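The chain contents come next:
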Amino acid sequence: QVQLVESGGGLVQAGGSLRLSCAFSGRSFRSYHMGWFRQTPGTEREFVAGINWSGQYTNYADSVKGRFTISRDNAKNTVYLQMNNLKPEDTAVFHCARGGCGELGACGYDFWGQGTQVTVAS
């Protein structure tokens, strides 16, 4: 019943930008914090950015601070990740995830999308 579908990935040159979208379907989208994670083969899943249920609070991994911006539009059941000044080391499969509660830090994530590939060429 709960689904998250990512889109917006692709191939870009270093220094370029991409905007990822995550469309959520299911009940009570507005009640949950949302996050973006990324993973490359042979590496652990890495937290990228999170946003609380209302969009008032956000958290970012140190590696993306100042370059990435997470936002959400609850009326559209969608969370976004604007990625600027992309670097080759950003190359990964990016996954959208739904938190198990409304506030960041209060709980983990319980539903995950299939992911969208982001490739940054040098």
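The structure this text deals with has already been given above.
Residues numbered from 1 in each chain as written. Predicted model: local features only at pLDDT ≥ 70, side-chain atom pairs only at ≥ 80, totals over all residues. Heavy atoms only, no water.

### Quick notes on the side chain of glutamate 6
Definition in use: Helix numbering and strand numbering both begin at the N terminus, where a helix is a DSSP run of H or I of at least 4 residues and a strand a DSSP run of E of at least 2. Within 3.5 Å is the distance limit for a polar contact, defined as a pair of N or O atoms, with the added protein rule that one can donate a hydrogen and the other accept it, and that residues adjacent in sequence qualify only through two side-chain atoms. We call two residues in contact when some of their heavy atoms are within 4.5 Å.
Inspection of the secondary structure assignment puts glutamate 6 in strand β1 (residues 3-7). From its side chain, glutamate 6 meets the backbone nitrogen of cysteine 96 in a polar contact 2.8 Å long. A polar side-chain atom of glutamate 6 sits 2.9 Å from the main-chain amide nitrogen of glycine 115. If sequence neighbours within four positions are ignored, glutamate 6 has contacts with Ser21, Cys22, Trp36, Phe94, His95, Cys96, Gly113, Gln114, Gly115 and Thr116.

### As for the state of the cysteines
Working definition of a disulfide: a covalent bond connecting the sulfur atoms of two cysteines. Condition: Any pair of cysteine sulfurs within 2.5 Å is marked as a disulfide. Burial classes follow relative accessibility: with a 1.4 Å probe on protein chains only, a residue under 20% of its type's maximum area counts as buried, one over 50% as exposed, and anything between as partly exposed.
Under the definition given, this model contains two disulfides. With a sulfur-sulfur separation of 2.0 Å, cysteine 101 is cross-linked through a disulfide to cysteine 107. Taking the torsion about the sulfur-sulfur bond, which here is approximately -110 degrees, the covalent link between cysteine 101 and cysteine 107 counts as left-handed. Given a relative accessible area of 18%, cysteine 101 falls into the buried group. Among the cysteines of the chain that take part in disulfides, numbered as they appear in the sequence, the pairing is 1-2, 3-4.

### Re the pattern of salt bridges
It is possible for side chains of opposite charge to pair when their charged atoms get near one another. This is how it is decided: Basic side-chain nitrogens of Lys or Arg form a salt bridge, by our definition, when they fall within 4 Å of a carboxyl oxygen of Asp or Glu.
Going through the model one piece at a time under the given rule, you end up with five salt bridges. Across the pair glutamate 46 and arginine 38 runs a salt bridge whose closest N-O atoms are separated by 2.7 Å. Among the salt bridges present, the one from aspartate 90 reaches arginine 67, with a minimum N-O distance of 2.7 Å. Highlighted residues: aspartate 90 in the loop between β8 (78-83) and β9 (92-99) and arginine 67 in the loop between β6 (58-60) and β7 (68-73), separated in sequence by 23 residues. Overall, the relative accessible area of 9% leaves arginine 67 in the buried class. Within this structure, Arg38, Glu46, Arg67 and Asp90 form a network of salt bridges that share partners.

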